[in-house]
Amino acid sequence: MRAVTWQGKRDVRVENVPDPTIQEPTDAVIRITSTGLCGSDLHLYEVLTPFMTPGDILGHEPMGIVEEVGAGVPDLQAGDRVVVPFQIACGNCWMCLTGLPTQCETTQVSGEGMGAALFGYTRLYGAVPGAQAEYLRVPQAQFGPIKVPEGPPDDRFVYLSDVLPTAWQAVAYADVPQGGSVAVLGLGPIGDMACRVARLRGAGRVFGVDRVPERLRRARARGVETYDLRSFGDEKELVAAIRDETDGRGPDAVIDAVGTEAHGSAAARMVQHAASILPRRLSGPLAERFSVDRLTALNTAIDLVRRGGTLSLSGVYGGLADPLPLLTLFDKQVQIRMGQANVRRWSDDIIPYLTDEDPLGVEDFATHRLPLSEAPHAYEMFQHKQDGAVKVLMRP
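Here the structure is a predicted model, which is why all the values come from computation and not from measurement.

1. Quick look at the overall build of the protein
- Within the protein, the regular secondary structure consists of 12 helices and 16 strands.
- Per-residue burial over the protein gives 57% buried out of 396 residues.
- Carbon and sulfur atoms make up 50% of the accessible area of the protein, which totals about 16,300 Å².

2. Considerations on the sheet that holds strand β4 (residues 56–57)
- If you trace the 3 strands from one edge of the open sheet to the other, you get β2-β1-β4, paired in antiparallel fashion. Each end of this open sheet is capped by a strand with a single partner; those strands are β2 (11–16) and β4.
- Of the strand pairs in this sheet, strand β1 (residues 2–8) and β4 are connected by 2 bridges, and their pairing is antiparallel. Counted as the bridge partner of T5 is I57 from β4.
- The sheet strands contacting helix α12 (residues 375–383) are β1 and β2, and the helix crosses β2 at an angle near 160 degrees.

3. Here's the deal with the sheet that holds strand β12 (residues 253–256)
- In space, the 6 strands of this open sheet follow the order β11-β10-β9-β12-β13-β14, with parallel pairing throughout. On the outer flanks of this sheet lie β11 (225–228) and β14 (335–338), each paired with one strand and no other. On average, each strand axis in the sheet is inclined to that of its neighbour by 20 degrees, with strand direction left out of account.
- Pairing analysis gives 4 bridges linking strand β10 (residues 205–210) to β11, with the strands arranged parallel.

4. Regarding the side chain of T122
- Inspection of the secondary structure assignment puts T122 in the loop between α2 (94–97) and β7 (135–138).
- When its relative accessible area of 3% is taken as the criterion, T122 is described as buried.
- Leaving out residues up to four positions away in the same chain, T122 has contacts with L44, F51, M52 and A127.

5. A few points about the side chain of K391
- Counting through the fold element by element, K391 comes out in the loop between α12 and β16 (392–395).
- At 3.0 Å, the side chain of K391 and the backbone oxygen of L37 are in polar contact.
- Dropping the residues within four chain positions of it, K391 is found in contact with L37, C38, E61, Y159, V163, P189, F365, A366, T367 and H368.

6. Overview of the packing of helix α6 (residues 235–244) against helix α9 (residues 296–304)
- One can describe the packing of α6 onto α9 by two numbers: an axis separation of 10 Å at closest approach and a directional angle of 35 degrees. α9 is crossed by α6, and the crossing has right-handed handedness. Residues E235, K236, L238, V239, I242 and R243 of α6 lie in contact with α9, whose contacting residues are T296, T300, D303 and L304.
- Within the contact of α6 with α9, the residues separate by chemical class into 4 nonpolar, 2 polar and 4 charged.

7. As for the environment of S40
- Take S40: it is sitting in helix α1 (residues 39–46).
- Along the chain, S40 and G259 lie 219 residues apart, while their C-alpha atoms are 9.4 Å from each other.
- Among residues more than four places away in sequence, those in contact with S40 are H60, Y121 and V316.

8. Considering α6
- Every buried residue belonging to α6 is among L238, V239, A241 and I242, and all of these are buried. Along the axis of α6, the buried positions cluster into a sector of 160 degrees, meaning they face one direction only. Opposite the buried face of α6, at more than 90 degrees from it, the exposed residues are K236 and D244.
- The inward-facing, buried residues of α6 contact β10, β11 and α9.
- Two or three places before K236, at the opening of α6, D234 has a side-chain oxygen 3.1 Å from that residue's backbone nitrogen.

9. Re the pattern of salt bridges
- In total, this model carries 21 salt bridges according to the counting rule given.
- With a closest N to O distance of 2.7 Å, E225 and R205 form a salt bridge. Of this pair, E225 sits in strand β11 while R205 sits in strand β10; the two residues are 20 residues apart in sequence, bridging distant segments of the chain.
- On the accessibility criterion, E225 (26% relative accessible area) is partly exposed.
- If you follow the salt bridges from partner to partner, you end up with D155, R369 and R395 in one network.

Conventions adopted
Residues numbered from 1 in each chain as written. Predicted model: local features only at pLDDT ≥ 70, side-chain atom pairs only at ≥ 80, totals over all residues. Heavy atoms only, no water. Helix = DSSP H or I, 4+ residues; strand = E, 2+ residues; numbered from the N terminus. Buried < 20%, exposed > 50% of the residue type's maximum accessible area, 1.4 Å probe, protein only. Areas by Shrake-Rupley, 256 points an atom, 1.4 Å probe, with all protein chains shown as cover. Pairing = 2+ DSSP bridges. Contact = heavy atoms within 4.5 Å. Axes fitted to C-alpha atoms, helices over the stretch in contact; angles between N-to-C directions. Polar contact = N/O pair within 3.5 Å; in protein donor to acceptor, adjacent residues only side chain to side chain. Left-handed = near helix turned anticlockwise from the far one by under 90°. Nonpolar A, V, L, I, M, F, W, Y, C, P; charged D, E, K, R; others polar. Arc of directions from axis to C-beta. Salt bridge = Lys/Arg side-chain N within 4 Å of Asp/Glu carboxyl O.

Here it is, written out as structure tokens:
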């Protein structure tokens, strides 16, 4: 089959690789009909290279048609149309039953000290072959895949794999009061959808912050009060402007949908770049012990949120040596919630909104739809925010 493989920093290729097969009774194999390119994939493209191996198959946002199932998968059969969550979880362990499939005790990558295995996301999360491919082996298929009806286009459901539950969890964790206010930093796919979910769930005012004109326009068109970072001398001016709109206090909650590759952290960017170009025998241990994040967005969120408010972090962070303003967090009594989205915890809540009325705007959410063969171009375009790229779907 053809699949998108990682070969080095900013080097992805579409290559022939072996077809996946049933290896365990709880496996399924699906033929992929749509697969997303995620902002998290760009971290592998640019920053998390020390944890990658040439030939790794990328991607974690698929849907498709079941081709084959193992004997331990009673609720799926060939021909079923399914969306596959990005994390791999059993559904039966204590963590899964508590609503935390991202911490699944069956698939935890304990050798790396990490949570549940993920599709296409470094050796830290199990080095499981990813979903930017023609076919995908799905472990723990007795729990993970979400069956969806025939008829509507893939765009109606494909975001159940990641974007929708990640945005939903970001808003749920933000704990925005009914009629309250929330600021979303970063209006990429997750930030954009988080704004939509916040409005759907009753937020009175939603502030969106970005520096990319296309992203700002998209959010503004859906009723978000947008702030262009380029219009401010620094983050302090931005914070002051939003505080002025919230009686001087700041919003009730702030969602950081940016993560480790935030603009404005030159020193941290230099360290990340150095780690990514070192030989693998040096870069891995260096990144594991001394990795840092670009914390501009997180520091802005801490400054912006009102006292007693909540920070919800959906952007990916991976640093071990980050200086955090703990004194400020303590003094402001800020609550922080974070983590990979627990897809199956939220999917039943989301599905009722994937109707013909399409209140979340999923059917026109993608800005680009490309064949899988154009994946290298898609990565480059998305990384450099070219051609108005906000969300890219690929079809094998």
